[in-house]
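# Overview (structure and organization)
As a plain string of letters, each chain reads:
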Amino acid sequence: MANLADANLAHSYLNEVRLTNAVLTGTNLNGANLNDANLNDANLTDADLARANLTGAALVGAAFVRADLTRAHLAQAGLGKANLTDADLTRANLWNATMHEANFTRANLAGAYFGNAYMHSVNLADANLANANLTDADLTLANFVGANLTDADLTRANFVGANLTGANLTGAWLNDVALDGVWWCPGSPPVWPNGFPAPRSALPPNGEC
């Protein structure tokens, strides 16, 4: 298991590198090229990945807690079950990425692009998705408790069965969005865009409220 904690790898060329289970806590990977790299189960807590190229990278189960992924390129990356709690992904590109069961609790996703992303059962509790683009994203059973979706583009997104308790969708684009079975806890409905014909809440799953 490689230990590169606090190393300075800024702007390094690391295409297709294999760093499975590696320790990269606090590592400087600013602007690094990690195209098609394998970082499954790696620990990148507090790492600097701003503007890094992670296109097609394998990041399943990786930890990005408090990591800086501002403007990072994560198109077609595999982020299933990754932990991105408190991470900053402002204006990151996650087009067509696979993120099932990933944890984005309190993450800053403002202006990020999630077009056509697979986000089944992701945790977006208290995340900031203001101005994010989730066109055609699959968010089935996602957790949006307290999430900020102000002015987000949700065109044709799939929200089937999602938890929208306390979510803010003010100004969001909801053209052709699928909202079957969405639900929220009593007393904490989501805020819908003005004039939007809000659906009724489905029954919350047992023990969820």
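Here the structure is shown first, and the text comes after it.
Cut-offs used in this document
Residues numbered from 1 in each chain as written. Predicted model: local features only at pLDDT ≥ 70, side-chain atom pairs only at ≥ 80, totals over all residues. Heavy atoms only, no water. Helix = DSSP H or I, 4+ residues; strand = E, 2+ residues; numbered from the N terminus. Rg over C-alpha atoms; globule rule 2.2 N^0.38 Å. Buried < 20%, exposed > 50% of the residue type's maximum accessible area, 1.4 Å probe, protein only. Contact = heavy atoms within 4.5 Å. Lys, Arg positive; Asp, Glu negative; His and termini not counted. Charge placed at Lys NZ, Arg CZ, Asp CG, Glu CD. Disulfide = S-S within 2.5 Å. Core = buried A, V, L, I, M, F, W, Y, C linked by side-chain atoms within 4.5 Å. Salt bridge = Lys/Arg side-chain N within 4 Å of Asp/Glu carboxyl O. Phe/Tyr/Trp six-rings, centres within 6.5 Å; stacked < 30°, edge-to-face > 60°.

Along the backbone of the protein there are zero helices and zero strands. In terms of overall dimensions, the protein is globule-like: its C-alpha atoms have a radius of gyration of 17 Å, near the 17 Å expected for 209 residues. Over its C-alpha atoms, taken along the principal directions, the protein stretches across nearly 50 × 30 × 20 Å. Here the protein, with 209 residues, has 46% of them falling under the buried criterion. Sequence separation of at least 24 residues holds for 2% of the intrachain contacts in the protein that already meet a minimum separation of 6. Taking the average location of the 9 positive side-chain charges in the protein and that of its 18 negative ones, the two points are 2 Å from each other.

A word on the state of the cysteines. Taken as a whole, this structure holds one disulfide when the rule is applied. Residue pairing for Cys185: its cysteine sulfur links by disulfide to Cys209, the two sulfurs lying 2.1 Å apart. Here Cys185 and Cys209 share a disulfide; its torsion about the S-S bond, -90°, makes the bridge left-handed. Residue Cys209 is classed as exposed on the basis of its relative accessible area of 56%.

Counting 70 residues, the largest nonpolar core has Met99, Leu134, Leu139, Phe144 and Phe159 as its most contacted members. In contact with Met99, other than residues within four places in its own chain, are Leu79, Gly80, Leu94, Phe104, Phe114, Ala117, Tyr118, Met119 and Val122.

Across all of its chains, the model carries three salt bridges by this definition. The residue Arg106 makes a salt bridge to Asp86 at a minimum N-O spacing of 2.8 Å. Note on Arg106: relative accessible area 45%, which makes it partly exposed. Judged by relative accessible area, Asp86 falls into the partly exposed class, the value being 33%. One salt bridge connects Arg156 with Asp136, and the closest N-O pair in it is separated by 2.7 Å. In this structure Arg156 comes out as partly exposed when scored by relative accessible area, which is 44%. Here Asp136 falls in the partly exposed class, since its relative accessible area comes to 33%.

Moving on to the environment of Gly146. Using a relative accessible area of 32% as the deciding quantity, one classes Gly146 as partly exposed. With residues up to four places along the chain from it excluded, the contact list for Gly146 reads Asp126, Thr165, Gly166 and Ala167.

When its relative accessible area of 52% is taken as the criterion, Asn131 is described as exposed. Asn131 sits 21 residues away from Ala152 along the chain, and the two C-alpha atoms are 4.3 Å apart. Dropping the residues within four chain positions of it, Asn131 is found in contact with Gly111, Thr150, Asp151 and Ala152.

With that settled, consider the packing of aromatic side chains. Any pair of aromatic rings gets described here by the distance separating the centres and the angle formed by the planes. Applying the stated criterion across every chain, the model contains four aromatic pairs. Taking 5.0 Å as the distance between ring centres and 20° as the angle between the ring planes, the aromatic pair formed by Phe144 and Phe159 counts as stacked. By relative accessible area, which is 0% here, Phe144 ends up buried. Classification of Phe159 by relative accessible area gives buried; the value is 1%. Between the aromatic rings of Trp192 and Phe196, the centroid separation amounts to 5.4 Å while the plane-to-plane angle is 25°, which identifies the pairing as stacked. With a relative accessible area of 14%, Trp192 lands in the buried category. Overall, Phe196 belongs to the partly exposed group, its relative accessible area being 23%. Here a set of aromatic residues connected by ring pairs shows up, and it is made of Trp184, Trp192 and Phe196.

Turning our attention to unusual backbone geometry. Look at Asn21: it is not a glycine, yet its phi comes out positive at around 65°. Asn21 sits in the partly exposed class, given a relative accessible area of 38%. Phi at Asp46 takes a positive value of approximately 65°, unusual for a residue other than glycine.

Everything listed here is a matter of coordinates, which is why it stays silent on function.
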